[in-house]
Amino acid sequence: MARKHIDVEVFSVRQLTPRVREFRLRTLDGAPLPAYGPGAHVEVHTGNAQTGLVVRHYSLIGGDVEADDTRDTCRIAVQREDRGGGSAYIHANFEVGTRLQISAPTNNFPLDRRDHHSLLIAGGIGITPIFSMVRSLARRRREFTVVYAGREPEFMAYREALVAVAGHRVRLHISGGQDTGKLDLDALIAAQPVGTTAYVCGPAAMVEATQAAGRAAGWEAERIRSELFGAGPQGDEVAFDVELKRSGRVVRVGKDVSILDALMAAKVDVLWDCRRGECGLCPQSVLKADGPIQHRDQYLSPEEREAADTLCICVSRIRGERLVLDL
Ligand SMILES: Cc1cc2nc3c(=O)[nH]c(=O)nc-3n(C[C@H](O)[C@H](O)[C@H](O)COP(=O)(O)OP(=O)(O)OC[C@H]3O[C@@H](n4cnc5c(N)ncnc54)[C@H](O)[C@@H]3O)c2cc1C
Ligand code: FES
């Protein structure tokens, strides 16, 4: 989708863990970026002639232990997924001097600094928005507790920085080491002071378990705020062809790629925005599918899903060999 983008270049790269790399970006013209708060993210637009446009979202960290980023710069931390997708492309291609475009910051996971007490919960790379919240709360001397769960300490990005900023308010949960097993979210929620609001970013199972723990403890739903980074492949995908009825073109959709990404790589002009099945900009009319549609969006109604004549191409797909779209 056409929208205003900001030209930036990479001016520093730091390996945070074996799979997570931090990139600091600076506007090419030196102009300040639009102001943003903790929890905000940007769309990163990159790619080359072979890949076509690659778009992924990354949370803005906001600064380091000591200082905020200057207004003409920002930083993101990207975890490499070895599926040959956008994060692998970024790791392979971004170096000092690489130019790219970002969107203006957007915030679907804002921190309310008026909260009496905040409970911040991060799982894995979900630390990125949570660390920016911790930086903000610590600086304003607000009451908070932060819990950061990961399998091994060396794979937990910003672990030391988090401890430096949050001190005694941080609890690390190392599931593959000292704290074998899952974080006890029921106990964690039950131990919070009255009036606490929780912010959770991590795997879907962690977010759902936090919401369930909140319900069990009688918290109002709005006191558990969350952000999911996207579903990604679930392991039961098959590759198939998409036939575009109006142009007669056929585009192959690999099992590790969304229909949207496959169409963009083939330079087919389609609308999109959130890329995670929420905004409703990408649904396309299905003329024929020789297998069941796997709906993975949160936008279509149950009736629309049942009708099987439309699907959100950013996340949904078919289990079949050929899908014909009215495109
Ligand atoms: C608001 C927000 C903030 C984020 N912040 C961060 C961050 O700070 N750090 C970070 O590392 N990541 C972050 N992410 C995740 C990031 O945008 C990428 O999803 C991630 O880097 C993986 O990208 P990939 O292309 O390597 O992986 P892939 O899983 O290959 O692709 C990512 C996206 O492509 C689609 N997709 C891939 N395969 C399929 C399939 N088989 N069927 C259907 N759709 C498919 C999905 O929409 C998936 O979300 C954030 C995401 C969001 C939405
Ligand atoms: S792009 Fe938002 S629902 Fe698909």
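Rules behind the numbers
Residues numbered from 1 in each chain as written. Chains lettered and ligands numbered in written order. Predicted model: local features only at pLDDT ≥ 70, side-chain atom pairs only at ≥ 80, totals over all residues. Heavy atoms only, no water. Phe/Tyr/Trp six-rings, centres within 6.5 Å; stacked < 30°, edge-to-face > 60°. Helix = DSSP H or I, 4+ residues; strand = E, 2+ residues; numbered from the N terminus. Buried < 20%, exposed > 50% of the residue type's maximum accessible area, 1.4 Å probe, protein only. Lys NZ or Arg CZ within 6 Å of the ring centre and 35° of its normal. Pairing = 2+ DSSP bridges. Axes fitted to C-alpha atoms, helices over the stretch in contact; angles between N-to-C directions. Contact = heavy atoms within 4.5 Å. Domains from an automatic or database assignment. Buried area = accessible area lost by both parts, 1.4 Å probe. 1 Å grid on protein atoms, 1.4 Å probe; cavity = no way out; pocket = protein on both sides within 12 Å on 5 of 7 lines; lining within 4 Å. Points joined across faces, edges and corners; volume = space filled by probe spheres on them. Nonpolar A, V, L, I, M, F, W, Y, C, P; charged D, E, K, R; others polar. Polar contact = N/O pair within 3.5 Å; in protein donor to acceptor, adjacent residues only side chain to side chain.

## What about the packing of aromatic side chains?
Across all of its chains, the model carries three aromatic pairs by this definition. Here the aromatic rings of Phe 23 and Phe 94 are separated by 5.5 Å at their centres, their planes lie at 80°, and the arrangement is edge-to-face. You can see Phe 23 sitting in strand β2 (residues 20-27) and its partner Phe 94 sitting in the loop between α1 (86-93) and β6 (99-102), a full 71 residues away along the chain. Like Phe 23, the residue Phe 94 is buried in the burial classification. Pairing Phe 131 with Tyr 158 gives two aromatic rings, centres 5.1 Å apart and planes at 20°, and the pair type is stacked. Pair noted here: Phe 131 is in helix α2 (residues 127-139) and Tyr 158 is in the loop between β8 (144-150) and α3 (159-166), with a separation of 27 residues, a long-range link. In this structure, Arg 223 packs its charged tip against the face of Trp 219, placed 4.3 Å from the ring centre. When the ring centre of Trp 272 is taken as origin, the NZ or CZ atom of Arg 275, which lies over that ring, is 5.0 Å away.

## Comments concerning the sheet that holds strand β9 (residues 170-174)
Taken together, the five strands give an open sheet; going across it, the order is β9-β8-β7-β10-β11, and neighbouring strands pair in parallel fashion. The open sheet is flanked by β9 and β11 (224-227), the only strands paired with a single partner. Along the sheet, successive strands turn relative to each other by an average axial angle of 15°, direction set aside. Relative to strand β10 (residues 196-201), strand β7 (residues 117-123) is paired through six bridges, and the arrangement is parallel. Pairing of Ile 121 across the sheet is with Val 200, part of β10. Each of β7, β8, β10 and β11 touches helix α5 (residues 204-216); the most contacted strand, β11, lies at about 175° to it.

## Focus on the domain arrangement of the protein
Note: interface size is frequently given as the accessible area lost on complex formation between the parts. Domain annotation of the protein identifies domain 1 (6-102), domain 2 (117-227) and domain 3 (240-325). Computed from C-alpha atoms alone, the centre-to-centre distance between domain 1 and domain 2 is 24 Å. At the junction of the two partners, domain 1 supplies 20 residues and domain 2 supplies 18 residues. Of the roughly 1500 Å² buried between domain 1 and domain 2, counting both surfaces, carbon and sulfur atoms make up 61%. The largest per-residue losses of area from domain 1 upon contact with domain 2 belong to Pro 38, Ile 61 and Val 65, which jointly make up 33% of the total buried on that side.

## Comments concerning the layout of surface pockets
Taken as a whole, the second largest pocket spans an internal volume of roughly 330 Å³. What lines the second largest pocket is a set of 19 residues, among which Tyr 36, Gly 37, Gly 62, Asp 68 and Arg 135 lie closest to the centre. Take the lining of the second largest pocket: its biggest share by element is four residues, from α2. Its residues assigned to classes, the lining of the second largest pocket shows six nonpolar, six polar and seven charged. The residues that make up the lining of the second largest pocket include at least three from each of domain 1 (6-102) and domain 2 (117-227).

## Looking at the pairing of strand β13 (residues 249-253)
Every regular strand shows the same layout, with side chains that alternate between the two sheet faces. Where strand β12 (residues 240-244) and β13 come together, five bridges link them in antiparallel fashion. Counted as the bridge partner of Phe 240 is Val 253 from β13. The hairpin formed by β12 and β13 contains four residues between the paired strands, and Gly 248 there has a positive phi angle of roughly 80°.

## Some remarks on the side chain of Thr 128
Mapped onto the secondary structure, Thr 128 falls in helix α2. The residues contacting Thr 128, other than those within four sequence positions of it, are Ser 59, Ile 61, Ala 77, Tyr 158 and Phe 229.

## A closer look at the side chain of His 117
When you line up the elements, His 117 lands in strand β7. By relative accessible area, which is 7% here, His 117 ends up buried. Within the structure, the side chain of His 117 is placed 3.2 Å from the side chain of Thr 145, a separation counted as a polar contact. Separated by 3.3 Å, the side chains of His 117 and Thr 196 make a polar contact. Those residues within four positions of His 117 in sequence are excluded, and the remaining contacts are Glu 143, Phe 144, Thr 145, Gln 192, Pro 193, Gly 195, Thr 196 and Thr 197.

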